[in-house]
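Residues per chain, in single letters:
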Amino acid sequence: MSQSISSLARALSILESFSEDRPEQTLGQIVDETKIPPATAHRYLAELVKWGGLDRTGRGTYTVGTRLWQLGALAPKERQLRDVALPVLEDLFETTHEVVHLVVLDGSRALYVERLAPQSRRGAAVSSQVGYRLPLHATGPGKVLLAFGTPTLREAVLSDELPKMASGTITDPDVLRKVLSDIRTTGFVISRNEMTEGNASAAAPVFGKDGSVVAAISVVVPAVHPNLAGLAQGVRVAAAVVSRSLRQDGRR
């Protein structure tokens, strides 16, 4: 039994070594990160590739496989949330023709669970992809989740380092505290050049049946967008529609 547990722990440590900062790794990088001996790591990697948890590229590196995404999609709460929200997200996308996100809280990070995007887009590249976990303080939806989240979460984030991601990232905890208070008052946030230079976003909260925040919806546009206030109101309406649907559906 102990050997099985040890084997499982090693396989999980390999999977956990992948992140938004390390979406593709060589065997050597995985060994450095996990401290598993190279021959043992190679054997586990072969099994994970065979199972579908990892893919091996033509360059000899490894990436997360589709099997993990399929399993992740089965998570009940996120799947139910996505099912309710997707029609509204699609309407928002058709209205704006810009990148639309559905984001949930994952520990102290913003987890992107849905992304609708045009095939081509002006402006800076969008940093987020489905499955990415980005800092709460540096993203529009992250700040929404932080503003309407628990006081314990807010104090934990505010007391920690606030890394600068772009020219507009809020790194002063007192300034961030004021912004979070404003978000709770207005019900939305507009961000510029905070996660990615040249981008702006509007984000608003989605509330569950018990009134707690369960997600945030955002639209990302070039920072020179002429009507961010109007965009924010549209996002706020979309989030309110999803909140009402969740209350009627009774799943969250």
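Higher on the page you've got the structure.
Residues numbered from 1 in each chain as written. Predicted model: local features only at pLDDT ≥ 70, side-chain atom pairs only at ≥ 80, totals over all residues. Heavy atoms only, no water.

(A) Region of interest: helix H8 (residues 173-186). Along its 14 residues, H8 runs 20 Å from first to last C-alpha, staying within 8% of the 20 Å computed at 1.5 Å per residue. Looking at H8, one finds that the buried residues are Leu 176, Val 179, Leu 180 and Ile 183. Buried residues in H8, looked at end-on, bunch into an arc of 100 degrees, giving them a common side. Projecting away from the buried face of H8 at angles above 90 degrees are the exposed residues Asp 174 and Thr 185. Packing partners of the buried residues in H8 comprise helix H6 (140-148), helix H7 (151-158) and strand S7 (189-192). Two or three places before Asp 174, at the opening of H8, Asp 172 has a side-chain oxygen 2.8 Å from that residue's backbone nitrogen. (Helix = DSSP H or I, 4+ residues; strand = E, 2+ residues; numbered from the N terminus. Expected span 1.5 Å × (residues − 1). Buried < 20%, exposed > 50% of the residue type's maximum accessible area, 1.4 Å probe, protein only. Arc of directions from axis to C-beta. Contact = heavy atoms within 4.5 Å. Polar contact = N/O pair within 3.5 Å; in protein donor to acceptor, adjacent residues only side chain to side chain.)

(B) Structural context of the packing of aromatic side chains. Going through the model one piece at a time under the given rule, you end up with 1 aromatic pair. On the numbers, 5.3 Å between centres and 85 degrees between planes, the contact of Phe 148 with Phe 207 is edge-to-face. A residue pair is termed long-range when its members are at least 10 positions apart, and Phe 148 in helix H6 and Phe 207 in strand S8 (residues 199-207) qualify at 59 residues. For Phe 148, a relative accessible area of 22% puts it in the partly exposed group. Overall, the relative accessible area of 24% leaves Phe 207 in the partly exposed class. (Phe/Tyr/Trp six-rings, centres within 6.5 Å; stacked < 30°, edge-to-face > 60°.)

(C) Representation of the side chain of Thr 34 in the model. On the secondary structure map, Thr 34 appears in helix H2 (residues 27-34). Among the polar contacts made by the side chain of Thr 34, one reaches the main-chain carbonyl oxygen of Ile 30 at a distance of 2.8 Å. Ignoring any residue separated from it by four or fewer positions in sequence, one finds Thr 34 in contact with Ser 13, Ile 14 and Ser 17.

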